[in-house]
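A structural walkthrough
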Amino acid sequence: MSAPGADPLGANPLAADTAMMRVAIEAAGAADPRDVPVGAVVFDADGRELARAANAREALGDPTAHAEVLALRRAAEVHGDGWRLENATLAVTLEPCTMCAGALVLARVGRLVFGAWEPKTGAVGSLWDVVRDRRLNHRPEVRGGVLEPECAALLDAFFRAQR
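The present account deals with the structure reproduced in this document.

Thresholds applied
- Residues numbered from 1 in each chain as written.
- Predicted model: local features only at pLDDT ≥ 70, side-chain atom pairs only at ≥ 80, totals over all residues.
- Heavy atoms only, no water.
- Pairing = 2+ DSSP bridges.
- Helix = DSSP H or I, 4+ residues; strand = E, 2+ residues; numbered from the N terminus.
- Axes fitted to C-alpha atoms, helices over the stretch in contact; angles between N-to-C directions.
- Contact = heavy atoms within 4.5 Å.
- Buried < 20%, exposed > 50% of the residue type's maximum accessible area, 1.4 Å probe, protein only.
- Parallel < 35°, antiparallel > 145°, perpendicular 65-115°, else oblique.
- Nonpolar A, V, L, I, M, F, W, Y, C, P; charged D, E, K, R; others polar.
- Phe/Tyr/Trp six-rings, centres within 6.5 Å; stacked < 30°, edge-to-face > 60°.
- Right-handed = clockwise from strand over helix to strand, strands pointing away.

Examining the sheet that holds strand β5 (residues 141–143)
- With mixed pairing, the five strands of this open sheet are ordered in space as β2-β1-β3-β4-β5. Edge positions in the sheet fall to β2 (49–54) and β5, since each has one partner strand and no second. Adjacent strand axes in the sheet meet at a mean angle of 15° when their direction is disregarded.
- Sheet topology places strand β1 (residues 39–43) next to β2; five bridges connect them, and they run antiparallel. When the bridges of β2 are listed, G39 appears paired with A54.
- Packing against the sheet, helix α5 (residues 148–162) makes contact with β3 (89–94) and β4 (111–116), and its axis sits at approximately 60° to β4.

Some remarks on the environment of I25
- Locating I25 in the fold gives a position in helix α1 (residues 13–28).
- The spatial distance from the C-alpha of I25 to the C-alpha of L85 is 21 Å, given a sequence separation of 60 residues.

A word on the side chain of T93
- Its location among the elements puts T93 in strand β3.
- On the basis of relative accessibility, which here comes to 2%, the residue T93 falls in the buried class.
- For T93, the contacting residues outside a window of four places in its chain are M21, A24, I25, P37, V38, G39, G115, A116, C151 and L154.

Here we look at the packing of α1 against α5
- Contact geometry for α1 and α5: axes closest at 10 Å, N-to-C directions at 10°. Here α1 is positioned roughly parallel relative to α5, judged by the angle of their axes. Contacts between α1 and α5 pair M21, R22, I25 and A28 from the former with E150, C151 and L154 from the latter.
- Class assignment of the residues belonging to the contact of α1 with α5 gives a composition of five nonpolar, no polar and two charged.

Looking at the packing of aromatic side chains
- Counting across every chain of the model gives two aromatic pairs.
- For the pair F114 and W117, a centre-to-centre distance of 4.8 Å together with 85° between the ring planes defines the contact as edge-to-face.

Structural notes on the pairing of β4
- By the criterion of burial, β4 is predominantly enclosed, with six of the six residues buried.
- Sheet topology places β3 next to β4; five bridges connect them, and they run parallel. Bridge pairing links T89 to R111 in β4.
- Regarding the hand of the β-α-β motif, the stretch spanning β3, helix α4 (residues 98–106) and β4 is right-handed.

Set out below in structure tokens:
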């Protein structure tokens, strides 16, 4: 399934990234009510959806069950080159943490598109910048802040309800 309005040829990358982020926002809606609503979707080079996931740490009792890790695992299962996701794009509603940034680097994801910045734990420019570390053998292209207000609103509503 392609992202609605996806532009696989890249003639309008911002429009394609926005369409992918809308799918990630939809994926966040599947999070268990106890989990922070973060959604992640992996798209192939043609803009077709390979996998999607929502945070599931609470639902699964698994500290590694972040949306990005779950989506990367599922995408690797269906992708033709096993664990290497070189021409794939990962769209996620929140800036990845160090674990997730490391996972997408190790999976060799080609592009990362994320929504809200995470100043407390973000590892794509906010607190750390794992994905651009020149010592690593892979550095994906990154676009942050895509549909940031909508992505931040998901988190604001969740945390407001927790208080």
